Amino acid sequence: MTRACRFGLMALLLCGAAPALAGSEPLYRAPPAWVVPVELTGKQIAEAPAIVLADTQKRLDGGNVWEYRDFALRIDSPDTLNAAGTLSAAWLPDKGDLIVNRVEILRGGQAIDVLKDGAKFTVLRREAQLEQRSLDGLLTATLSVPGLRVGDVLRLAYTTVQGDQALGDKLQSLDALPAEPLQIGFARIRMSWPEGAAVKWQAGPDVSLAAPVAKNGFKTLEVMLPLPKRDDVPFDAPYRFRRAPLLQIGSFASWQDVSRTLAPHFATAGSIDPKGEIAEKIAGIEKQASDPLARATLALRLVQDEISYLANGLDGGNYLPQKPEQTWQLRYGDCKAKSLLLLAMLREMGISAEVVAVHSQAGDAAPLLLPMPADFDHMIVLAHIAGQDYWFDGTSSGSRLSNVAEVPPFKYALPITPEGADLVPMVQRPLTQPDRSLSLVLDQSAGIDMPALYTATIQLNGPVGASLRAWAIQPSEDAREKFVTSLVTSLVGEGDLLDYTLTYDDEAARATVTAHGMAKPQWQFERGIAHEYLPGLPASDFAFSADRARAAWKDIPVQMAGPYTFVTDLKVLLPLGGKGFETRGREVVDTEIAGATISRDSALSGGTLTVKEQLAATLTEVDPAAISAEKAKSARFGVGKLSLRAPEGVKRAWDYTTPADRKLLAPVEAAYAKLIAKDPKDAAPFLARAGFRSSLLDWTGALADVDQALALTPSSGTWFSRSSLLQQLGRPKEALAAVRSAFELDPTPENALQEAVAMGDYGEVKEALALVGDYENDLEGEAALVAVKAQLLGMAGKGDDGLALLEKSLAERPGDPQLLNNICWHMGTWQVGGDAMIAQCTKAVESGGWAPPVLDSRAMAYFRQGKLPEALADLNAALSAAPGLANSLYMRGIVRAGMGDKDGRKDIDQALRMSPSLKATYEKYGISAPAS
């Protein structure tokens, strides 16, 4: 939620741009006398990686930081030539000079001086106040290097000098220390400062350097790079363990020294014109509220809402803020400017406060760093009201009395005071309101296979809610609906949005989304029993599984995310008045895991399941000694994940045959009609309803919807859907024509295979094989080609040839689960492979993870060998996990009938209702169902 502004001196990487400097034109001079130049030999250049040279030398002296950089890069490709062929540097003319020392092309043992023939950097001037976002004085110098070629080495050396008026005579320097596996030919950082200067230095973490060497009145510290490869650190470690190595050098004696040095720039006395607009705003706030906290909150809200954010890194080495009156006049400012304006307003109202420096991402490392302003990248205000500290971030949004006591996640802060201050920890407090609350009613009363009609109300508060303010006034209805659809889908699951509202309450800083729609059914089957994990519950995916197995990691804590609070109130309306339905998992939860508090209260009564759940996570570090116990608590909580369980034999989509059933489905049909009415020219809702009607075995109704979709937006996928429906309606000739239409629309080799399959189903096997042959070169080695050709060879009475083709493909991809299943199915359907059939099929089952389709394939093999009990066992297992597999149900009926079970006919009849084309399909394999 916080948009951190950058006001610290940024670490300059080896190939980074020059820092903000001065002088309206680049100077061209030799390096300073204190520079120890690097002479590159031909052997060094030839043997070096792409980065041939990266040399940084600095001198801290006389209130200035002088920096010399010498960089050489091999132009090893056209891409590198394009990227590195134009050199550029940006600087401010009131800060110092950009001094170009060398631009050379190293080629064939020769150094070509690019500057010798008059090549110069061109200075580009940006227009002042461009779009009210451009800052005056920024200059950019560019040089397109003439004659540069692939194979050359480009060498650039320049010197900068920066005297930071904001810091007085204080100095600071910060450099990243890259480590292997980065490859550099020659790299170092060489620092020097007067021998008697009060300069401190520090390298870390875990970097050991030799002490500085004193010579000719200066101390010199040298670091050869890259450092040895760093040990891996877990991704969930606090930042202080993950931070990259740095070399810090500065003349600040302490944190108090840093605080005192910056304090004069954040003084507020006389900064507000008593007759100006800011004074009027203050008077209005004081008239509106008498309570100091209410007044402070109103001032914070004004700064957040009426002053836009603009990063200003151009003043005083990023440390001098705009004056409050200037910020108000411009109506924009960075974190310094916003904080100073807010500070001045608070003090005018008699509220004790000071600006504090923080780091937006790496605050927990602050106590380990050398004290200097560059350790921070953001500023906020610390106010003291009625004995409590309040942390006000002017660059955030949505701050109100209801949430103003919350503490940003910056870990440490440095108050900027005239007397100087030490770092202070930013101790978290419990959140005063949820970031997100969800009220969800999920109507599943039509059945577990039916789309669930839902009503969802989502409230987002504070900064999270404020982030939706722009969406609430978004003029594009299409863009706004896409956003709401994405938000609702993340909480409710995939489905279709029927209607919605999106509003923002500015006084409460609360965004509210209400949505109505249809969610896809989420029920899964295991051993014949349907179960559903419930959507929208904030703790459903919560887990703590930190890895600290490595010995080197055993003392590293775990940084948890936070702070945030999510709340859900869920109601699920069940089929059959809830008869036979039950919950699994923990219905009541009140626990804390790794700093996260989880509460749940649920009850199933009168056909409705109600669940209230809250997840409140804090910015916690889990102590290494507690990790094992917290993981155990998380594992137990995960096992108790709340779910619904349907009664055995619950009605499925294909069972809806009576008028009463159709009446039950009327609300779903009405919802689809509403979805279509939203945009009658959109094909997608017609296709969605076609899928729904297909699940009800309403092939005619589904076909009508598919035809409507084709009339609106023809596509190969929709033509294939039409073909499948026509097959179920017993119209194979029209089904083949639909496949050919798909190919004509999208004539890909893959679609040609689909046409070949349809031709085979229609009896044109010879022609289908010829078509496959036309595309063999395009799809050589493709699993789909092999499967289709093998199937057609089986239809042509050449099952052995098809098996040989599949086995050749398996030899090229041994262990491929799909190929193993194809071989098993081919052996069973075309009765080839002899005694190896069962062993091959068992290998396929084990490789495929006992998936229902593979079990169905092995059942065919058992059936062919007369092993009906074994076939029945596999088919029962397949159907327990996937009751909708009509082909497995069909074969189970045939097997049961073969075993003398009269109820086998029920399976057959039900399977043919679910897929009427099965009869013709299995007759091609020589398998016919017994007469009823």
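Throughout this document, residue positions are counted from 1 along each chain, in the order its sequence is written. Selection of residues for local features in this predicted model requires a pLDDT of at least 70, selection of side-chain atom pairs for listing and counting requires 80 or more, and totals for whole chains, interfaces and linings are taken over all residues. Based on all heavy atoms of the structure, the side-chain values leave hydrogens and waters out of the count.

Examining the pattern of salt bridges
- One side-chain nitrogen of Lys or Arg within 4 Å of one carboxyl oxygen of Asp or Glu is enough to make a salt bridge. Inspection of the entire model under this criterion finds 53 salt bridges.
- Note that arginine 107 is salt-bridged to aspartate 152, the shortest N-O span being 2.8 Å. Residue arginine 107 is located in strand β5 (residues 98-107), and its partner aspartate 152 is located in the loop between β8 (139-144) and β9 (153-162); the two are separated by 45 residues in the primary sequence.
- For arginine 107, a relative accessible area of 24% corresponds to the partly exposed category.
- Aspartate 232 is the salt-bridge partner of lysine 229, the closest N and O atoms lying 3.7 Å from each other. Note on conventions: DSSP H or I runs of at least 4 residues are helices, E runs of at least 2 residues are strands, and numbering of each starts at the N terminus. We call a residue buried when its accessible area falls under 20% of the maximum for its residue type, exposed when it is over 50%, and partly exposed in between, using a 1.4 Å probe and counting protein chains only.

Focus: the confidence of the model for the protein chain
- Looking at any residue, its pLDDT shows the predictor's confidence there, from 0 to 100. When pLDDT is averaged along the protein chain, the result is 91; 94% of the residues meet or exceed 70.
- Whether two residues touch is decided by their heavy atoms; if any such pair falls within 4.5 Å, the residues are in contact. Here residues 1-21 scores under 50 on pLDDT; set against residues more than four positions off or in separate chains, the count is 85 contacts.
- Counted against residues more than four places away or in other chains, residues 127-136, with its pLDDT under 50, gives 18 contacts.

Brief notes about the nonpolar core
- Note on terminology: a nonpolar core comprises buried Ala, Val, Leu, Ile, Met, Phe, Trp, Tyr and Cys residues joined through side-chain atoms within 4.5 Å. Counting residues in hydrophobic clusters, the biggest one holds 55 residues, and the most contacted among them are Leu342, Met345, Leu346, Val381, Phe392, Leu414 and Ile416.
- Taken together, the elements giving at least two residues each to this core come down to α4 (255-262), α5 (277-288), α6 (292-306), α8 (335-348), β18 (352-358), β19 (378-385) and β20 (388-392).
- Once residues lying within four places of it in the same chain are set aside, the contact partners of valine 381 are Ser339, Leu342, Leu343, Leu346, Ala353, Glu354, Val355, Tyr390, Trp391 and Phe392.
- Ala690, Ala790, Leu810 and Ala911 belong to the second-largest nonpolar core, a separate cluster that totals 54 residues.

Digging into helix α15 (residues 683-695)
- For α15, spanning 13 residues, the distance from its first C-alpha to its last is 19 Å, which sits close to the expected 18 Å at 1.5 Å a residue.
- Restricting attention to buried positions, one finds in α15 the residues Ala683, Pro685, Phe686, Arg689, Ala690, Phe692, Arg693 and Ser694.
- Looking at the buried positions of α15, the neighbouring elements they touch are α14 (666-678), α16 (699-712) and α17 (716-728).
- Between N or O atoms, a polar contact is any pair within 3.5 Å; within protein, one atom must be a potential hydrogen donor and the other a potential acceptor, and residues adjacent in sequence are included only when both atoms are from side chains. With a side-chain oxygen lying 3.1 Å from the backbone nitrogen of alanine 684, the N-terminal cap of α15 falls on aspartate 682.
- The first or second residue beyond α15 is leucine 697, which carries a positive phi of 65°. Helix span is expected to be 1.5 Å times the residue number reduced by one.

Re the sheet that holds strand β10 (residues 172-176)
- Here a strand pair is declared whenever DSSP counts at least two bridges between the two strands. The three strands are arranged β10-β15-β12 in an open sheet whose pairing can be described as antiparallel. Each of the sheet's edge strands pairs with one partner strand only, and the pair in question is β10 and β12 (200-204). Averaged over all pairs of adjacent strands, the angle between strand axes in this sheet comes to 10°, irrespective of strand direction.
- Inspection of the sheet shows β10 paired to strand β15 (residues 246-250) by five bridges, in the antiparallel sense. The residue bridging glutamine 172 from the neighbouring strand is glycine 250, located in β15. Axis geometry follows a simple rule: fit a line to the C-alpha atoms, using only the stretch in contact for helices, then measure angles between N-to-C directions, giving values from 0 to 180 degrees.

Some remarks on the pairing of β5
- Burial of β5 is extensive: nine of the ten residues sit out of reach of the surface.
- Where strand β1 (residues 27-28) and β5 come together, two bridges link them in parallel fashion. Bridging across to β5, tyrosine 28 finds its partner in valine 100.
- When β5 meets β9, the two strands line up antiparallel, connected through eight bridges. Considered in β9, the bridge of isoleucine 105 is made with leucine 154.
- Sheet analysis places β5 next to strand β6 (residues 110-113), joined by four bridges and oriented antiparallel. The residue of β6 that forms the bridge with isoleucine 105 is isoleucine 112.
- Here β5 hands over to β6 after two residues, with glycine 108 in that stretch at a positive phi of 60°.

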